[in-house]
Structure formats: C-alpha cells, structure tokens
Amino acid sequence: MMSPIQRLVWADAARRARILLRFASVEADGGRDLVRAAEATSDPILRTLFLRHAADEARHATLFRTRAQALAPAGSAGTDGASAWLAPGERGLDDVQVEAETDRDLLAFLHLSEKAAARDFRSYVGVLARDPGTQAIFETIGRDEVFHMTYTLKQLKRLDPKRHRWAIWRARLKRLWRAYLRLAGAIGAVFGAIVLSVEYFIVLPPFALLDRGALRRETPGWRPIDDARARDLSRQY
Ligand SMILES: [Fe+2]
Ligand SMILES: [Fe+2]
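Please read these numbers as outputs of a predicted model, since none were measured by experiment.

Caption draft 1: Here's a closer look at the overall build of the protein. Within the protein one finds eight helices and zero strands. Radius of gyration (C-alpha) of the protein: 28 Å, far over the 18 Å computed for a compact globule of 237 residues. Principal axes of the C-alpha set define a box for the protein whose edges measure 90 × 45 × 30 Å. Looking at the 237 residues of the protein, the share that counts as buried comes to 36%. Across the protein, contacts joining residues at least 24 apart in sequence account for 79% of those joining residues at least 6 apart.

Structure below.
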C-alpha cells in the first residue's frame, strides 16, 4: 500500500541523496551507541557481537554517504522534510541511554529496530528499480540488518529464555511512546508556525499602523515638562 508513496519519495535524485545522507548519519550514530553498549556489557559474547554490529553500522554509514555523494556531487541543499516520516531508515537505539539499560532491554530494543530496518530496506529495494546503484546498496545493507535482527533475538532468548517476549513488548511500548513524542513535537511545530504567522501578518500590522500615526503627531526635539514633574524624585519621567 505504501509503495506508490515510497516510489514518489525516492523518485528525485537530489532528494534521494538527502535521504541517504540522513541515513548515513543515523547509522553512524547507531554504531557509536553500539560501541558504548560493548563497553558497558559484562557479557563477553555480547561484547563481541556488539562490536561487530558497530562495525557493520559504520560501514553502512560510509556506503550511504558515498552513494549520496555520487547522486548529488555538489551536495544537496535543503531538508527532506516529510520523507523523514515516510522513509525513516534505521533508528538504531533511538536515543536510548545505553548505560542505563540492561543487556536484555537493549537487545529487545535493538531487535525491534533492526526488524523495522530490514522490512523498510526491503521495501526501498522494491521501488528503486530505476536506480540500480542505490538498490544494490539497500540489498547489501538489508542482509546485514536481517543478521542484526536475528542475533539480537537469539541472544535475548539466551539471556532470558522465559521472559524474552515480555522484554520485546516493553521495548515495543517504548518505541510507540517515542513515535508519539516525535509526532506530537512535529504537530506542535506546525501549529507554532501557523500561530506565529497569523500574529505576524494579521495581528501586528494594525499596531504598526497606529504606531506610525503616533510618530507623525510627535513633535521633533526636546520638550520642557512642568516643574512639579521635574522635581518629583519618586518617578522617572
Ligand atoms: Fe545498519
Ligand atoms: Fe543494523
């Protein structure tokens, strides 16, 4: 159902470049979070996997950035606005406080993010037939995301064989809450822009006109005030 919209989002080469640059920055961010997660965990198997995962995300960032530069060598000005919603890319740990979470919660969160990324990247492959270069990159990265999705679930089952489903549900609720906050923030920004525009173009002009009239009536230069007011020390004027 989303594919016509996705087709539209990815149709323009300059916009494609902007989206890929945004993806590159998110992947690099995710890689840094995973290095911190590797430092924080006391589980040697997880440390190895997190470091490998971090290296994958760093590589994804490079692939996306290189492709974006090939699509728009002069750089791509502007923002990709609505496409940030329609093509969110990989959210990684999505500003999760890595040090404050348990290994179990981190794995649950990562599993959901990677699952979403694997699904989204697969859908981008479907609409990028006219750009085989970008399509091939999503195919390659998509395979890594499937690996990330699988190992996080396996490790979660190893750490908590009985309650791993509950951990995934909790992570799902947290992701929903974050999505709600993002949406509420975006709606707030739109309403803020509307209210400020109305104030600027409709409410303020009459005051500006009144002020201009008052300025015309004002006589130039100094004006004497009466003695009583001049001597009154309880007021400024
Ligand atoms: Fe990635
Ligand atoms: Fe990933």
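Caption draft 2: Focus on the packing of aromatic side chains. In the structure shown here, the tally under the stated rule is 15 aromatic pairs. When the ring of Phe23 is compared with that of Phe64, the centres are 5.5 Å apart and the planes differ by 70°; the resulting orientation is edge-to-face. With Phe23 in helix α2 (residues 13–40) and Phe64 in helix α3 (residues 44–71), this pair connects stretches of sequence that are 41 residues apart. Accessibility assignment for this pair places Phe23 and Phe64 in one class, buried.

Caption draft 3: Focus on the pattern of salt bridges. Throughout the structure, instances matching the rule amount to 14 salt bridges. Ionic pairing is found between Arg52 and Asp56, a salt bridge with its closest N-O pair at 4.0 Å. Of the two residues, Arg52 and Asp56 both sit in helix α3, four residues apart, roughly one turn of that helix. The shortest N-O distance in the salt bridge between Glu101 and Lys174 comes to 3.5 Å. Note that Glu101 is positioned in the loop between α4 (83–86) and α5 (103–127) and Lys174 in helix α7 (residues 164–217), a separation of 73 residues in sequence. Taking the relative accessible area as the measure of exposure, Lys174 reaches 30% and is therefore partly exposed.

Caption draft 4: Representation of the packing of α5 against α7 within the structure. Direction vectors running N to C along α5 and α7 enclose 65°, while the axes themselves pass 8 Å from each other. Of the two possible hands of crossing, α5 and α7 adopt the one that is right-handed. Here α5 contributes Arg104, Asp105, Ala108, Phe109, His111, Leu112, Ser113 and Ala116 to the contact with α7, which in turn contributes Ala167, Ile168, Arg170, Ala171, Arg172, Lys174, Arg175 and Arg178. Split by residue class, the contact of α5 with α7 holds seven nonpolar, two polar and seven charged.

Cut-off values and rules
- Residues numbered from 1 in each chain as written.
- Chains lettered and ligands numbered in written order.
- Predicted model: local features only at pLDDT ≥ 70, side-chain atom pairs only at ≥ 80, totals over all residues.
- Heavy atoms only, no water.
- Helix = DSSP H or I, 4+ residues; strand = E, 2+ residues; numbered from the N terminus.
- Rg over C-alpha atoms; globule rule 2.2 N^0.38 Å.
- Buried < 20%, exposed > 50% of the residue type's maximum accessible area, 1.4 Å probe, protein only.
- Contact = heavy atoms within 4.5 Å.
- Phe/Tyr/Trp six-rings, centres within 6.5 Å; stacked < 30°, edge-to-face > 60°.
- Salt bridge = Lys/Arg side-chain N within 4 Å of Asp/Glu carboxyl O.
- Axes fitted to C-alpha atoms, helices over the stretch in contact; angles between N-to-C directions.
- Left-handed = near helix turned anticlockwise from the far one by under 90°.
- Nonpolar A, V, L, I, M, F, W, Y, C, P; charged D, E, K, R; others polar.

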